[in-house]
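Understanding the architecture of this molecule
In case you want the letters, here they are:
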Amino acid sequence: MSLSIAPLAARLSPRERTFILLALSLGGFAIGTSEFASMGLMLEISRGLSISETQVGHLISAYAIGVVVGAPVLAFAGAGYARRTLLLGLMGFYAVGNLASALAPNYSTMLVARFVAGLPHGAYFGVAMLVAAAISPPAQRGAAMSKVLLGLSVAILVGNPLTTWLGQQFSWRTAFALVSVLAIATVVMIARYLLPDPDEVRTSPMRELRAFNRTQVWLALAIGSVGFAGMFCVFTYLAPTLVQVTGLAESWMPLAVGIFGIGAIIGNVAGGWLVDRFHFRAAALVLVWSIVVLLAYPLAAQSVWSIFPMIIAVGTMGALAAVLQTRLMDVAGEAQTLAAASNHAAFNTANALGPWFGGMAIGAGFSPATTGYVGAATALGGLLLWGVAALVDRRSRSAVACEG
């Protein structure tokens, strides 16, 4: 990859590089806003489509399944195309999927629209990360990639409270229409500022696929898929928890989503700090923290004074994303594109499992706050998978030492 980075990075001025990163980050902002919009507007969508809250959870799961399916498939299928072309196509596709969501007349069509909207999510982030690295000097690549992910964090802090408020004031459809506009704006900015790179070295799909098929890659993805489900389990049913358990009005939801965003940004910063100091052990620390937070959540939900600090704590569980992204970069070898895209597929597997498990508990007659206990069980599952990965690592090092 280094052969293709230097010429492009050298041709760009700092101003041009800033605009490209801003365009990529805007795409991340659009994706983050869409991904969490259904959670903040659960009650509005439920009334608007005349469906149950559990069925809204199914809509969230449909989007997540779209990410899981689309991330590896589109990353693999697009490996032979120029990254600029891929980004334009993926974000154009995203605009169409969210416009379909805004116009969906009933539950069935909304389910299909959310699945379609999720397809380009992971592949976009995977390609955007590679572009961010390619346009930056070697010493600034990490910072450039973090700026792309910043769009996702800002979406949780600003985009989701905004769409929640707009949905409450006008219609839940406004949220998805706004995302479609943001996606189109991203297409325009990428087309304007990211010029074609004739020196770009395109990867081979089969080479990436062979490098991707490693035990530690699959274990890292499994940790994210299971261990991260607890956060989505709780956040998906935050609105009914606030209304039915804490006793707050629906008008508190934009504030609650914004506070969750504060926790997510804290988690992103903490995740980078932890992985620099503890490497893969940081995943175990985050998962243990997640178990403690989720076990405390049902009790904290009983009071307005404790629920909001607890929402921040739940948001900090996002630290696991940075830890596992670094882990995948370390173990994926030549499969960097597939790994980057599949990391988002893993977390959206969690986004599918969390609402599903939480919906099962609520459907069985339990309080929405019991999603904390369900989430703690999935975090424990992620911790057990981390233990398996650590054991495989230890045995691999022992085998190498014996051969030496």
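Here the structure is a predicted model, which means the values were calculated and not measured.

In the contact formed by helix α4 (residues 53-77) and helix α6 (residues 107-118), the axes pass within 6 Å of each other and the chain directions differ by 30°. By the angle between their directions, the pair α4 and α6 is classed as roughly parallel. The two elements α4 and α6 meet at a crossing, and its hand is right-handed. Packed against α4, whose contacting residues are Q55, H58, L59, A62, Y63, I65, G66, V67 and V69, the element α6 presents Y107, M110, L111, R114, F115, A117 and G118 at the interface. Looking at the contact of α4 with α6 residue by residue, the classes come out as 11 nonpolar, 4 polar and 1 charged.

The terminal C-alpha atoms of helix α17 (residues 319-331), which comprises 13 residues, lie 19 Å apart, in line with the 18 Å expected from a rise of 1.5 Å per residue. What α17 keeps buried is the set A319, L320, V323, L324, Q325, R327, L328 and V331.

The next subject is the environment of V293. Positionally, V293 belongs in helix α15 (residues 281-300). Apart from residues no more than four positions distant in its own chain, V293 is found in contact with M310, A313 and V314.

So, about the confidence of the model for the protein chain. Close inspection of predicted coordinates is inappropriate in any region flagged by low pLDDT. Averaged over the protein chain, the pLDDT score is 83; the fraction of residues at 70 or greater is 87%. Within the protein chain, the element-level pLDDT minimum falls on helix α1 (residues 2-11), averaging 52, and the maximum on α15, averaging 94. Scored below 50 in pLDDT, residues 1-6 makes 10 contacts in the model with residues more than four places away or belonging to other chains.

Attention now moves to the environment of Y373. Along the chain, Y373 falls in helix α19 (residues 371-403). When its relative accessible area of 46% is taken as the criterion, Y373 is described as partly exposed. Counting along the chain gives 80 residues from Y373 to V293, while the straight-line C-alpha distance between them is 9.8 Å. If we skip the residues at most four places from it in the chain, Y373 touches L294, L295 and P298.

Below, the discussion takes up unusual backbone geometry. When glycine is set aside, most residues are seen to have a negative phi, and most peptide bonds are trans. Of note in the backbone geometry, S50 takes a positive phi value of approximately 55° without being a glycine. In this structure, S50 sits in the loop between α3 (42-48) and α4. S50 gets classed as exposed once you look at its relative accessible area, which sits at 65%.

In the structure shown here, the tally under the stated rule is 9 aromatic pairs. Ring geometry for W172 against F176: centres 6.1 Å apart, planes inclined by 80°, an arrangement best described as edge-to-face. Overall, F176 belongs to the buried group, its relative accessible area being 0%. Taken together, the ring pairs in this structure connect F228, F232 and F347 into an aromatic cluster. Its end group placed over the ring of F280, R327 keeps NZ or CZ at 3.9 Å from the ring centre.

Counting 73 residues, the largest nonpolar core has I45, L238, I311, V314, L320 and W386 as its most contacted members. Looking at this core, the element that brings in the most residues is α15, giving 10 residues. Contacts of L238, omitting those with residues within four sequence positions, involve M253, A256, Y297 and I311. Core analysis: the second largest hydrophobic core is formed by 34 residues, L26, I31, I135 and A183 among them.

Basis of the calculations
- Residues numbered from 1 in each chain as written.
- Predicted model: local features only at pLDDT ≥ 70, side-chain atom pairs only at ≥ 80, totals over all residues.
- Heavy atoms only, no water.
- Axes fitted to C-alpha atoms, helices over the stretch in contact; angles between N-to-C directions.
- Helix = DSSP H or I, 4+ residues; strand = E, 2+ residues; numbered from the N terminus.
- Parallel < 35°, antiparallel > 145°, perpendicular 65-115°, else oblique.
- Left-handed = near helix turned anticlockwise from the far one by under 90°.
- Contact = heavy atoms within 4.5 Å.
- Nonpolar A, V, L, I, M, F, W, Y, C, P; charged D, E, K, R; others polar.
- Expected span 1.5 Å × (residues − 1).
- Buried < 20%, exposed > 50% of the residue type's maximum accessible area, 1.4 Å probe, protein only.
- pLDDT = per-residue confidence, 0-100.
- Phe/Tyr/Trp six-rings, centres within 6.5 Å; stacked < 30°, edge-to-face > 60°.
- Lys NZ or Arg CZ within 6 Å of the ring centre and 35° of its normal.
- Core = buried A, V, L, I, M, F, W, Y, C linked by side-chain atoms within 4.5 Å.

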